[in-house]
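Below, each chain spelled out in residue letters.
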Amino acid sequence: MNKSEKSIQPSLFVSDDIQATAREDLPEGVALIHHAFDSSAMLDAVNTVIEAAPLRHMETPGGSRMSVAMSNCGSLGWVSARGGYAYSHIDPKTGLAWPAMPALLRETATALAKRAGYPHFAPDACLINRYEAGAQMGLHQDRDEKDFSQPIASLSIGLPAKFIIGGLKRRDAVRSIDLNDGDAIIFGSAARLLFHGVRPLKAGHHALTSDTRINLTFRVAR
Ligand SMILES: O=C(O)CCC(=O)C(=O)O
Ligand SMILES: [Mn+2]
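Residues numbered from 1 in each chain as written. Chains lettered and ligands numbered in written order. Predicted model: local features only at pLDDT ≥ 70, side-chain atom pairs only at ≥ 80, totals over all residues. Heavy atoms only, no water.

Caption draft 1: Just the sheet that holds strand β8 (residues 152-158), in detail. Spatial strand order, β1-β2-β11-β8-β13-β6-β3: seven strands in an open sheet with antiparallel pairing. Lying at the two open borders of the sheet, with one neighbouring strand each, are β1 (18-19) and β3 (69-74). Across eight bridges, strand β6 (residues 125-132) lies against strand β13 (residues 212-219) in antiparallel orientation. Bridging across to β13, A125 finds its partner in R219. Running over the sheet, helix α2 (residues 39-52) touches β3, β6, β8 and β13 and is turned about 100° from β8. Contacts from helix α3 (residues 103-115) reach β1, β2 (30-33), β3, β6, β8, β11 (184-187) and β13, with the element oriented near 70° to β13. (Pairing = 2+ DSSP bridges. Helix = DSSP H or I, 4+ residues; strand = E, 2+ residues; numbered from the N terminus. Contact = heavy atoms within 4.5 Å. Axes fitted to C-alpha atoms, helices over the stretch in contact; angles between N-to-C directions.)

Shown next as structure tokens:
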């Protein structure tokens, strides 16, 4: 690829380093792609989003402050508040529509989902999560979307994390998957409603994100 081609599409490559259902240590329906995308270019795009829709610690329906700071882009954004979880066209912090999903983000997620076996993935929501040391995400299912035939594509930038994934019941045993900068995990079909979460982030330093980890989850919410 020559230099000018590279500058037009900085992160539109899809790694062949895929570990999918054939590997017995991942649940059926989970695909893990290492070194999947250009995290530096993706982070630049994320930064344009969070200038317009700042990261914030949302409140859970139970009234506690989430340890992960969040924002969204796309036509719908996931929000949590005392009233419950929902997708909203409006950012409650700014009163404005969420920023449009940058083409680089959408096209990268679409290409990775295609690689994992979902050729028609067209996300309308991208939740941005920022973890600082100690931040975590408890076991949960992603079930606020309307169509569970559509997968979730989850991309990791910056500090490494331990992602845990279990079964269809909260108490089912979990296994841990290391997610590093540039890794993508796509879970759909039999895995779409598996309980999952993230262990408390270990303190560290990453050249791109300093003392944080950024996670992007692309969803079809509508
Ligand atoms: O940060 C991650 O790797 C997972 C995030 C997640 O499960 C979510 O945002 O629903
Ligand atoms: Mn989730």
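Caption draft 2: Representation of the coordination of the manganese ion (ligand 2) within the structure. H140 (NE2), D142 (OD), D142 (OD) and H196 (NE2) make up the full set of protein donors to the manganese ion (ligand 2), lying at 2.1 to 2.7 Å. Metal-centred angles of 51 to 167° between the six donor atoms at the manganese ion (ligand 2) mark the site as irregular. We note that the donor set of the manganese ion (ligand 2) lies within a single chain, spaced as H-x1-D-x53-H. Residue D142 is located in the loop between β7 (137-140) and β8, and its partner H196 is located in strand β12 (residues 196-198); the two are separated by 54 residues in the primary sequence. When its relative accessible area of 5% is taken as the criterion, D142 is described as buried. (Donors = N, O, S within 2.8 Å, 3.2 Å for Na, K, Ca; no water. Tetrahedral: all angles 85-135°; square planar, octahedral: opposite > 155°, others 65-115°. Buried < 20%, exposed > 50% of the residue type's maximum accessible area, 1.4 Å probe, protein only.)

Caption draft 3: Broad picture of the side chain of N72. Of note, N72 is situated in strand β3. Residue classification places N72 among the buried positions, given a relative accessible area of 1%. At 3.0 Å, the side chain of N72 forms a polar contact with the backbone nitrogen of W78. Beyond its immediate chain neighbours, meaning those up to four positions away, N72 contacts V49, A53, M58, G77, W78, W98, P99, C126, L127 and I128. (Polar contact = N/O pair within 3.5 Å; in protein donor to acceptor, adjacent residues only side chain to side chain.)

Just distances and angles here, no functional claims.
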